[in-house]
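So the chains spell out like this:
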Amino acid sequence: MGKRKVVPFGPQHPVLPEPIHLDLVMEDEKILEAVPNIGFVHRGLEGLIEKKDFNELIYIAERTCGICSYQHGMGYTETLEQIMGVEIPDRAKFLRSTWSELGRLHSHLLWLGLLADGFGFESLFYECWRIREKILDLHELTVGARLIFSVNKVGGVLRDITPEMQKTILETLDVVEEEVKNIQKTFLYDYSVQSRLKGIGVLSLQQVHDLGCAGPFARASGLNLDMRKLGYDAYPYIDFEPIISTDGDCFARCDVRTREIFQSIDIIRQIFAKMPEGDIAVPVKGMPNGEATVRIEQPRGEAVYYVKGNGKKLLDRMRIRTPTFANLPGLLETMKGADLSDVPLLILSIDPCISCTER
Amino acid sequence: MAIMNFGKTMLKNLFLKPVTVNYPAEPAVYPEGSRGHVEIDVDKCISCTICAMNCPSDALKVDRQAGTWTINRFDCIACGYCVEKCPKKCLKMVPGYQEPMGEKTEETFRRPEESMAKAAKPAKPTVTAAPSTGIVSTHNHVSIDVKKCLGCGKCMRNCPNDALAVDRKAKTWSINRSKCITCGLCIDNCPTKCMTMDPNDPDSNGIETYEIELAPIKKKD
C-alpha cells in the first residue's frame, strides 16, 4: 500500500483549453478521488439581465460560449418566443436547424482535433482543424462571421440562405465528408490510437443515468437521450436516429462523435431538400411577461434555458444549465481508479466547456 | 491493415501548398455579407441616438448638439444590432476586420454643416420642459395635419421613445416634445402621410395635444 498524495491539476495545463482545477488524491499512480474547483472564468452573464434589455441580451447570450455560440443565442431566443407566444415561419425554423448542425459539425471537428492533441498525435490534430476551417468559411458565407453568428431575433432570423449558398454548402460538405471518412479510419482503426482510448474511463449505462449526464458522453454509454427528438425547429421533418454506443469508454465517445459528424451532414442535406419558401421572420410586439423553459441539444449535450419576464424591457431572471455542468459528476466518476497519465484524455472525453459552465 | 491510414494524407501534404494564407502580406478574402466593421453614411444621419441606446457593448456615442457620431472600434462586437435598428439606414456592416493598434482609440464622424443647418434654426433659446426625460427637442419637430389623421395609432406603436399617444375615443393626438427624438419613424410608418418634419423649433417643450378629425377610412368598392 502506497502513500497518499494530492497532485494539483490545472487550471493551466497544456491539454486544457479552458481552466478547471482538480485536486487528484493519488495512491502511487492510481487516482482515488478527484476534487474539482471551478470559478476561474465567471463573467456574470446572467446578472447582465438587470442592465440590458431582452433584445440586446441575445447578443450577450451568444457570448456564453465561443463554440456553441449559435445554440446559446437560439435557445435564449426560443425561450422568449415561447413566453411571448410567437410562432416563427417554417423557413426560419429550417434555417435555425441548418446553423445548429453546421455548429455541431465545427464543434465535433474541433473536439476530435483536441483529442488527437491530447493523446499526442499532432498531425491528426492539424488535419481535423484544417477540415474545420471549411465549415468556418461556410459560417462566414451565410451569416458574416466565423463563430459568433448573431442572426437570431425574436420572431425569426435576420439572414436567409440563398439557393447559391445552399449549393456551395452542399459542395463543401461533400468534400468534408470524404476528408472526415479518411481521418475516421485513423481514429477508429489505428492500433496506437486504440491502445490509448479503449477501456479508458468506462461508465455503465446505470452510472450515466444516475449521474444525470448528457449529450454524446451519455450516448456513448448507451443512454438514448437526444433533445432533437423533442421536435423543436425543423427536426420533426427530419429522418434521423440518435447515435448510440454501448462500450462507455473514451473510444466509444470518439466513435459517437465521428458518426455524429456524418449524421449532421445528412441532416443538412435533408433540410435543404425540404426547405420551404416564405418569410424568415414575423413582426413581434410587446414585452415578455411570464416564464418558460426550453431544452435544446447542443454539440456537447442538453442545455436548459429558463427565462422569467415581468412585462418590462428588463427581465427578472435568466438561467442557463449547460451540458458540461451536467457531465462534470460523470467525469469525476471516470477518474476513480484511473492512471494519472489518462487524466487529460478523461477530461477531454466530456468535451469540457468551462466558460459555459461558469457563465 | 490500418497502419498506413494516415500515411497517404501525410505524403499528399508533402507536395501541397500550405493551407494557411500569409496574412497580412497576402490580403484576406471575405465573402460579401461578412460582418467586419460598422460604417456610417454620416450625411444621412439625423443623430437620433437609437444606435447608441441599443448597443449591447456601449461602443457608440452620439452627440446631438455637436452632430457627431463616435465609435470605439475596440468595444464594438460587430453584432450588427445598430444596423438593424437604424431608422434612416445610414449604418451598414462591411467586410474587413478592425486593424491592430497600440492603444484604444475612438473614431468620430461629424455631420456636414448643411444637414445640421437644415435642422437647426438660428437664435432661439432651448426651453427645458418640466416632465423631461433628459432628451430635449431642439431643432426640427413633428407636425400633424389633423384633417388627414385616421387615428390608427401606427405612429404611437412605432415610436422608439414613447413620445406619442393616440386616443380614438377622445379624438386626440398628443406628442411629448421633451421625449421626442425627431427620428422620423412615425412619419415613415404613417399610412396617410399626415405627419411632416417641420424644420422650425417646436412651440413648446411639454405635451402638445391636438384634436383630430378621424378622417373616414376609405373602403374598397
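Nothing here was measured: the structure is a model prediction, and the numbers come from that model.

What's the story with the overall build of chain A in this structure? I'm lost.
A tally of regular secondary structure across chain A gives 12 helices and eight strands. What you see for chain A is a C-alpha radius of gyration of 21 Å, in line with the 21 Å of a compact globule of 359 residues. With the principal axes as the frame, chain A shows a C-alpha extent of 70 × 45 × 35 Å. Within chain A, the proportion of its 359 residues that are buried is 61%.

How should I be thinking about the pattern of salt bridges in this particular structure?
Close approach of charged atoms allows side chains of opposite charge to pair. Residues and elements named next belong to chain A. One pass over the full model with this rule turns up 33 salt bridges over all chains. The closest approach of N and O atoms between Glu27 and Arg4, which form a salt bridge, is 3.7 Å. Of this pair, Glu27 sits in strand β2 (residues 21–27) while Arg4 is found in strand β1 (residues 4–9), placing the two residues 23 residues apart along the sequence. Salt bridges linked by common partners bring Glu101, Arg104, Arg219, Asp226, Arg228, Glu260 and Glu297 together as one network.

Explanation requested: the environment of Leu225 of chain A in the structure shown.
Residues and elements named next belong to chain A. Its location among the elements puts Leu225 in the loop between α8 (215–219) and α9 (250–274). With relative accessibility at 23%, the residue Leu225 sits in the partly exposed group. Put simply, Leu225 and His42 are 183 residues apart on the chain and 29 Å apart in space, counted from C-alpha to C-alpha.

Even after reading the chapter, I still don't get the interface of chain A and chain B, so can you show me in this structure?
Each partner contributes to the interface: chain A provides 29 residues, whereas chain B provides 22 residues. Approximately 2,100 Å² of surface area, both sides summed, lies buried where chain A meets chain B, with 48% of it carried by carbon and sulfur atoms. When the buried surface of chain A facing chain B is broken down by residue, Glu56, Tyr59 and Glu140 of chain A rank first, second and third, together holding 24% of it. Counting every contact that joins chain A to chain B gives one salt bridge. Of the charged contacts in the structure, one is a salt bridge between Asp58 of chain B and Lys52 of chain A, with a shortest N-O distance of 3.5 Å. The interface formed by chain A and chain B contains 11 residue pairs in polar contact (both at pLDDT 80 or more). Elements with a contribution of two residues or more to the side of chain A that touches chain B: α4 (122–143) and α5 (163–189) of chain A. When the residues that make up the side of chain A that touches chain B are grouped by side-chain class, the tally is 10 nonpolar, six polar and 13 charged.

Sorry if this is basic, but what is going on with the side chain of Gln71 of chain A here?
Here Gln71 of chain A lies in helix α2 (residues 69–84). Ignoring sequence-local partners within four residues, the contact set of Gln71 of chain A consists of Ser100, Arg104, Ile296, Glu297, Gln298, Pro299 and Tyr305 of chain A.

Any chance you could explain the domain arrangement of chain B here in plain terms?
Often, the extent of an interface is quoted as the loss of accessible area on bringing the components together. Residue and element names in this part refer to chain B. For chain B, the assigned domains are domain 1 (32–118) and domain 2 (141–211). Computed from C-alpha atoms alone, the centre-to-centre distance between domain 1 and domain 2 is 27 Å. Tallying the contact residues gives eight residues for domain 1 and seven residues for domain 2. Here domain 1 and domain 2 share an interface that buries about 580 Å² over both sides, 57% of which is from carbon and sulfur atoms.

I tried to follow the sheet that holds strand β8 (residues 317–321) of chain A on my own but got confused; where do I start?
Strand pairing in a sheet is mediated by backbone hydrogen bonds. Such pairs are either parallel or antiparallel. Residues and elements named next belong to chain A. Taken together, three strands build an open sheet; the order of strands is β6-β7-β8 and the sheet is antiparallel. Since the sheet does not close on itself, it has two edges, and those belong to β6 (289–298) and β8, each with one partner. Averaged over all pairs of adjacent strands, the angle between their axes in this sheet comes to 10°, without regard to strand direction. Pairing of β6 with strand β7 (residues 301–310), which is carried by 10 bridges, proceeds in the antiparallel orientation. Within β7, the residue paired with Gly290 across the bridge is Gly309. Helix-sheet contacts for α2 involve β6, β7 and β8, and the interaxial angle to β6 is about 145°.

Explanation requested: the sheet that holds β2 of chain A in the structure shown.
Residue and element names in this part refer to chain A. Pairing is antiparallel in the open sheet, where three strands are placed in the order β1-β2-β3. Where the open sheet ends on each side, the last strands, each with one partner, are β1 and β3 (30–37). In this sheet, neighbouring strand axes are inclined to one another by 20° on average, regardless of whether the strands run parallel or antiparallel. Where β2 and β3 come together, seven bridges link them in antiparallel fashion. Along β3, the bridge assignment pairs Asp23 with Val35. Where helix α10 (residues 323–335) meets the sheet, its contacts fall on β2 and β3, and the angle it forms with β3 comes to roughly 160°.

Can you walk me through the environment of Arg96 of chain A in this structure?
All names here are of chain A. As for its position among the elements, Arg96 is in helix α3 (residues 90–118). We classify Arg96 as buried; its relative accessible area is 0%. Arg96 sits 138 residues away from Ala234 along the chain, and the two C-alpha atoms are 8.0 Å apart.

Would you take a moment to explain the pairing of strand β7 (residues 164–167) of chain B for this structure?
For a regular strand, side-chain orientation follows a simple rule: the groups alternate between the two sheet faces. Residue and element names in this part refer to chain B. Here β7 shows a clear split, with Leu164 and Val166 buried on one side and none of Ala165 and Asp167 buried on the other. Sheet topology places β7 next to strand β8 (residues 172–176); four bridges connect them, and they run antiparallel. Note on β8: the bridge partner recorded for Asp167 is Thr172. Between the end of β7 and the start of β8, which pair antiparallel, lie four residues, with Lys171 showing a positive phi angle near 55°.

What's the story with the packing of aromatic side chains in this structure? I'm lost.
How two aromatic rings sit relative to each other is set out by the distance from centre to centre and by the angle between their planes. This model, assessed by the stated rule, comprises 12 aromatic pairs over all chains. Ring geometry for Trp69 of chain B and Phe109 of chain B: centres 5.8 Å apart, planes at 55°, overall tilted. Here Trp69 of chain B is found in strand β3 (residues 68–72), whereas its partner Phe109 of chain B is found in strand β5 (residues 106–110), with 40 residues between them in sequence. Residue Trp69 of chain B is classed as buried on the basis of its relative accessible area of 1%. It is Arg132 of chain A that lies over the ring of Trp129 of chain A; its NZ or CZ is 5.3 Å from the centre. The ring of Phe251 of chain A is capped by Lys198 of chain A, whose NZ or CZ atom sits 4.8 Å from the centre of that ring.

Mind showing me how you'd approach helix α1 (residues 5–15) of chain B here?
Residues separated by three or four positions in an α-helix point in the same direction, a consequence of the helix having 3.6 residues per turn. Within α1 of chain B, the full set of buried residues consists of Asn5, Phe6, Gly7 and Thr9 of chain B. Buried residues in α1 of chain B, looked at end-on, bunch into an arc of 170°, giving them a common side. Pointing more than 90 degrees away from the buried face of α1 of chain B are the exposed residues Lys8, Lys12, Leu14 and Phe15 of chain B. The elements touched by buried residues of α1 of chain B are α4 and α5 of chain A.

About the cut-offs
- Residues numbered from 1 in each chain as written.
- Chains lettered and ligands numbered in written order.
- Predicted model: local features only at pLDDT ≥ 70, side-chain atom pairs only at ≥ 80, totals over all residues.
- Heavy atoms only, no water.
- Helix = DSSP H or I, 4+ residues; strand = E, 2+ residues; numbered from the N terminus.
- Rg over C-alpha atoms; globule rule 2.2 N^0.38 Å.
- Buried < 20%, exposed > 50% of the residue type's maximum accessible area, 1.4 Å probe, protein only.
- Salt bridge = Lys/Arg side-chain N within 4 Å of Asp/Glu carboxyl O.
- Contact = heavy atoms within 4.5 Å.
- Buried area = accessible area lost by both parts, 1.4 Å probe.
- Polar contact = N/O pair within 3.5 Å; in protein donor to acceptor, adjacent residues only side chain to side chain.
- Nonpolar A, V, L, I, M, F, W, Y, C, P; charged D, E, K, R; others polar.
- Domains from an automatic or database assignment.
- Pairing = 2+ DSSP bridges.
- Axes fitted to C-alpha atoms, helices over the stretch in contact; angles between N-to-C directions.
- Phe/Tyr/Trp six-rings, centres within 6.5 Å; stacked < 30°, edge-to-face > 60°.
- Lys NZ or Arg CZ within 6 Å of the ring centre and 35° of its normal.
- Arc of directions from axis to C-beta.

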